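Each chain, written out:
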2 protein chains.
Amino acid sequence: MRSSEVRDLLDVTARSDIIPLAAGAPYVKALNFRDIEKYARKIIAEDGLSAFQYGPSGGFYPLKMCLVDVLKLDGIVASPDDILITDGGQQALDLLAKIFIDPGDIIIAEVPCYVGALNAFLSYQARVETVPVDENGLQIEILEDKLSQLSREKEIKFIYTVPNFSNPSGVTLSFDRRKELVSLARRYGTLIIEDNPYGRLRFEGEHLKNLRQLDEENIIYVGTASKMFAPGLRIGWIVAPFSIREKLIHGKQAADLCSSNFTQRLAFEYFSDPRWKNTLKKFISIYKEHRDAMLGALEEHFPEEVTWSHPVGGFFTWATLPEYMNTTEMLAEAITNKVAYVPGRGFYPDGSGTNCMRLAFCTVESEQIEEGIKRLGKIIKEQMRLYRSFYRGKK
Amino acid sequence: MRSSEVRDLLDVTARSDIIPLAAGAPYVKALNFRDIEKYARKIIAEDGLSAFQYGPSGGFYPLKMCLVDVLKLDGIVASPDDILITDGGQQALDLLAKIFIDPGDIIIAEVPCYVGALNAFLSYQARVETVPVDENGLQIEILEDKLSQLSREKEIKFIYTVPNFSNPSGVTLSFDRRKELVSLARRYGTLIIEDNPYGRLRFEGEHLKNLRQLDEENIIYVGTASKMFAPGLRIGWIVAPFSIREKLIHGKQAADLCSSNFTQRLAFEYFSDPRWKNTLKKFISIYKEHRDAMLGALEEHFPEEVTWSHPVGGFFTWATLPEYMNTTEMLAEAITNKVAYVPGRGFYPDGSGTNCMRLAFCTVESEQIEEGIKRLGKIIKEQMRLYRSFYRGKK
C-alpha cells in the first residue's frame, strides 16, 4: 500500500493559515444548514428506531428510490434494485477492487489518476497500467495499443476513468472518444468503471452523454453525494449489472455490514426536497467564479513556460511546469510561503508527473485563490531563474 | 466470499411478523432520542462546516479523546493517538484482515465464530483454522496443539477471539485462560485480535481483565459504539501499536477516506454527556431481563436432550441439539411458525455446527421471547419424535 500524499497534506494544512489549493474539499458553506437541521430532527423524531439500527447491506430503499431521479439527471436509467449504497465513492472503488482484483491482475487507469482510486487498486495488489489524458481526456489510440498488447498476455479486469472534469487533470472526455472508448472496451471484453463525482458541476457547454448511457451492460457507474450534498455523510453509490451487484453486496457485508442508516436518511431527505437543485445551482456558480479567478490568476502570475488545463466543471486544474522542475521538492518552499498544492507524482503509479501540480479551486475564496497563485508564480519563477543561472554556469 | 446467513435472514425477518430471535440488533428503544436530537442540533448549528466536510482518516480527535475514558472503563490505558476510528467493529476486522492477510495465510479463530469476522477473513482468502470454545471460552489445550502443529508449517498471522459473552456462543473466557492465551500467543510470536463489542453489558459477576490489560504490545483491541450507543452511526475503534496503526490508516484511506464526520460528532456528544452511563444501565437491565426470560423459557420448553450456554452478559445464547438434527433444514419450519433463529452452520468455516442455533435475546420483548422459544421447542420435539419413530422403524 502507498500513503496518500493528498490526505496527509490535508491533515497538515487543515490546521493552519496556509491557503489550501491542495484540498479537494467541497464548499459546504453553500449548504442550507437550517434545512439539514430540519431533516435531522424529522428523522430522529419520526424514524429514530430505524435510523439508529443496523440496516440492509444494499442500502436504505427509499434513498435508492430517490437516487433513481438523481441518476436521471445524468441520463442514466436505473431501478432502485440496480443501486448499491456505499460509504462515499471511495468505498465503491474499494469494493470493486475487492471483487475484481487478485494480486497481479491487470487494470488500466487514466493518468494522472485520482489518487484514491490508485490506492484502492494497489491495496489489492493490482498491476496498474496507464494511459495518459490530453485536453480531450483518455488518449484512445494509446489505449488501443495497450489493450491490444496486454490482452495477449492476460485478461484486463477493467478500465478506470473519470470522464467529466477529472480529478486531478480537470479535463473532460470528448463525445467522440466516449463512443470509441465504449466500443473498444466491448471489443476487448473489458469492463469500464465510470467514476462521476463531478458530473453535475458543469460551468459551461452542454452535458455530454455518460458512458453508461452508451452501453448499459459493460459499464459500472460510480456516483456520490459528496459533491452534490456533503462528504461528511459518506454516501456514494454504484450502478452495476445484477451479477456484479450480488458480489458487491457480499463485499459490503464483509467490509462494514451496512452504511449508516442515519446519514442515508439525511441524504434521502435532502434529495427528496426539490430545493436541493437550488443548492446545486449555488455550488455551480461558486465553483465557476473560483475557476475564473484561478485561470485569471494563472494567466497573470505563472510564467509562459507553464501550461494548465481549462476545466469546464469540477474542482481542479492541472499545471505542467518545465520538465526539470520538481513539484514534490518545491512544496516545502510553498508551505513556507503559506500556500499548498498537491505534487503531481502521487497521481501516477510509476512516480512520473514530478513536474506537475494539482490546483484546487473548490473550497478557497477567489481573493485567496489569486493570492495563492501569485505566491506560487513567484516561487516557480524564482526556481526557474536559479535553474537557468546554474545551467548557464555549467556550460 | 461467502454469503452471510445472518444478514440475509435479517433482511427477510425485518419486514414481517416473525419473532426475530435471529437478529443481533441492539434495543435502541432504550435510547433517549430527545438527547440525540439535542446533540444533532448542536453539531449542525455550531460545527456544521466541519461536520459535513471530509475529516482526517484516523478519526475525529475529540471523539478519540473521550474514548480514552470509555476505554478506561474496560481497564484499557490508551492515548487518543493509539485509537483509530472505523465504520463499526466490522470495518475494524476488515482493515485488520486487509493489512495482515495474503491469500493462503493462516489465522486461528474460535468456533463458533462471529460470522462477520469469518466473512472479513475469508474475503481476503485466509486459511481459517479453528479452536472450539466450551463454557469457559477458547479451549487452551486444543489451541496449544494447533499452534505447535501449524507454526511448524507457516507463520500464524493472528488469533481471533471475543472473550466476553461471545457472539454467537454467549460464553466468557475465564481469567485463568486469559492469562494462558496471552502467554501462548507470546510464546508463538502471534498477535491476538480481541474483539469486545459486548464487554460493558455484563449482567452479573465481576468484570474480568481484558486481554489487552494483560499484554499491551501483542493485543489488538477492537471496540464499537454499536452496543453502547447505536449501530446506525457505524462507529467503531481499534487500539493498536503504532506500526500496525500506520498501516491501518493507509488501509482506511483506501477503503473510504474517513468515517462520517457527522456521526463521529454524534458519538462524541453522546460519550461526553455523563448521562450515557444511565443509558448503559438501562441497556444492561433490559438485556438481563430478556436473558432471564430466554433461559426460563428454554428450561420450560426445550427437551432435555438440548443444551445451551448461560451467558452472563451480551446478546446471545447458543443451543446444541442432538447430533442428528439439522438446524438449517429446520429453519423453514420455524419461519412457517413465525419465529426465526440463526442456524449454527454459518459460524463455522468448515460447515459443521449443523445441529446448533444462535438465539438472540437482545431486541425482542420478554413475552415474545417466551412465545418464540415455546414455538421452537414444539418444532424440535416434533422433529425428534419423527426421527425416533423413523429410526426405530429401521431397526
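This one's a predicted model, so the numbers in the text were calculated from it and none came from an experiment.

Analysis parameters
- Residues numbered from 1 in each chain as written.
- Chains lettered and ligands numbered in written order.
- Predicted model: local features only at pLDDT ≥ 70, side-chain atom pairs only at ≥ 80, totals over all residues.
- Heavy atoms only, no water.
- Helix = DSSP H or I, 4+ residues; strand = E, 2+ residues; numbered from the N terminus.
- Rg over C-alpha atoms; globule rule 2.2 N^0.38 Å.
- Buried < 20%, exposed > 50% of the residue type's maximum accessible area, 1.4 Å probe, protein only.
- Lys, Arg positive; Asp, Glu negative; His and termini not counted.
- Charge placed at Lys NZ, Arg CZ, Asp CG, Glu CD.
- UniProt positions renumbered as here; feature names shortened; annotations may be inferred.
- Domains from an automatic or database assignment.
- Contact = heavy atoms within 4.5 Å.
- Buried area = accessible area lost by both parts, 1.4 Å probe.
- Salt bridge = Lys/Arg side-chain N within 4 Å of Asp/Glu carboxyl O.
- Polar contact = N/O pair within 3.5 Å; in protein donor to acceptor, adjacent residues only side chain to side chain.
- Core = buried A, V, L, I, M, F, W, Y, C linked by side-chain atoms within 4.5 Å.
- Pairing = 2+ DSSP bridges.
- Axes fitted to C-alpha atoms, helices over the stretch in contact; angles between N-to-C directions.

### Looking at the overall build of chain A
Point 1. Summing up its helical and strand segments, chain A has 13 helices and 14 strands in all.
Point 2. For 395 residues, the compact-globule estimate of 2.2 N^0.38 gives 21 Å, and the C-alpha radius of gyration of chain A, at 21 Å, lies within 12% of that figure.
Point 3. Burial statistics for chain A: of 395 residues in total, 64% are counted as buried.
Point 4. Charge-centre separation for chain A: the mean point of 49 positive side chains lies 2 Å from the mean point of 53 negative side chains.

### Looking at the UniProt feature "domain: Aminotransferase class I/classII large" (unreviewed entry) in chain A
Point 1. Mapped onto the present numbering, the UniProt feature "domain: Aminotransferase class I/classII large" (unreviewed entry) falls on residues 17-376 of chain A.
Point 2. In the segment residues 17-376 of chain A, helix accounts for 44% and strand for 16%; the C-alpha atoms at its two ends are 16 Å apart.

### Let's talk about the domain arrangement of chain A
Residues and elements named next belong to chain A.
Point 1. Domain parsing of chain A yields domain 1 (5-24 + 277-394) and domain 2 (51-272).
Point 2. Measuring from the centre of the C-alpha atoms in domain 1 to the corresponding centre in domain 2 gives 26 Å.
Point 3. Taken together, the contact pairs 24 residues of domain 1 with 26 residues of domain 2.
Point 4. Counting each side, the surface lost to burial between domain 1 and domain 2 is near 2200 Å², with a carbon and sulfur contribution of 72%.
Point 5. Considering only the side of domain 1, the residues that lose the most area to domain 2 are Val312, Phe347 and Pro349, jointly responsible for 26% of the buried surface there.
Point 6. Inspection of the region where domain 1 meets domain 2 yields one salt bridge.

### Comments concerning the side chain of Asn196 of chain A
All names here are of chain A.
Point 1. Among the secondary structure elements, Asn196 is positioned in the loop between β7 (191-195) and α8 (211-214).
Point 2. In this structure the side chain of Asn196 is engaged in a polar contact, spanning 2.9 Å, whose partner is the side chain of Asn164.
Point 3. Here Tyr221 takes part through its side chain, which lies 2.9 Å from a polar atom of the side chain of Asn196.
Point 4. Dropping the residues within four chain positions of it, Asn196 is found in contact with Asp74, Asn164, Asn210, Tyr221 and Val222.

### Considering the pattern of salt bridges
Residue and element names in this part refer to chain A.
Point 1. This model, assessed by the stated rule, comprises 60 salt bridges over all chains.
Point 2. The closest approach of N and O atoms between Glu371 and Arg375, which form a salt bridge, is 2.9 Å. On the criterion of helical spacing, the pair formed by Glu371 and Arg375 is a turn pair, its members being four residues apart in helix α13 (residues 366-394).
Point 3. Judged by relative accessible area, which is 29%, Glu371 ranks as partly exposed.
Point 4. A single salt-bridge network, built from bridges that share partners, covers Asp35, Lys38, Asp273 and Arg275.

### A word on the nonpolar core
Point 1. Among the nonpolar cores identified, the biggest contains 248 residues, and Phe271 of chain A together with Phe271 of chain B are the most heavily contacted of them.
Point 2. For Phe271 of chain A, the contacting residues outside a window of four places in its chain are Cys66, Leu67, Val70, Ala225, Met228, Phe229, Trp237 and Trp276 of chain A.

### Some points on the sheet that holds strand β3 (residues 106-111) of chain A
All names here are of chain A.
Point 1. Sheet architecture is open: eight strands sit in the order β2-β9-β8-β7-β6-β3-β4-β5, paired in mixed fashion. Edge positions in the sheet fall to β2 (83-86) and β5 (137-138), since each has one partner strand and no second.
Point 2. Where strand β6 (residues 156-161) lies against β7, four bridges are found, and the strand directions are parallel. Counted as the bridge partner of Ile159 is Ile192 from β7.
Point 3. Packing against the sheet, helix α3 (residues 61-73) makes contact with β2, β8 (219-224) and β9 (236-239), and its axis sits at approximately 105° to β2.

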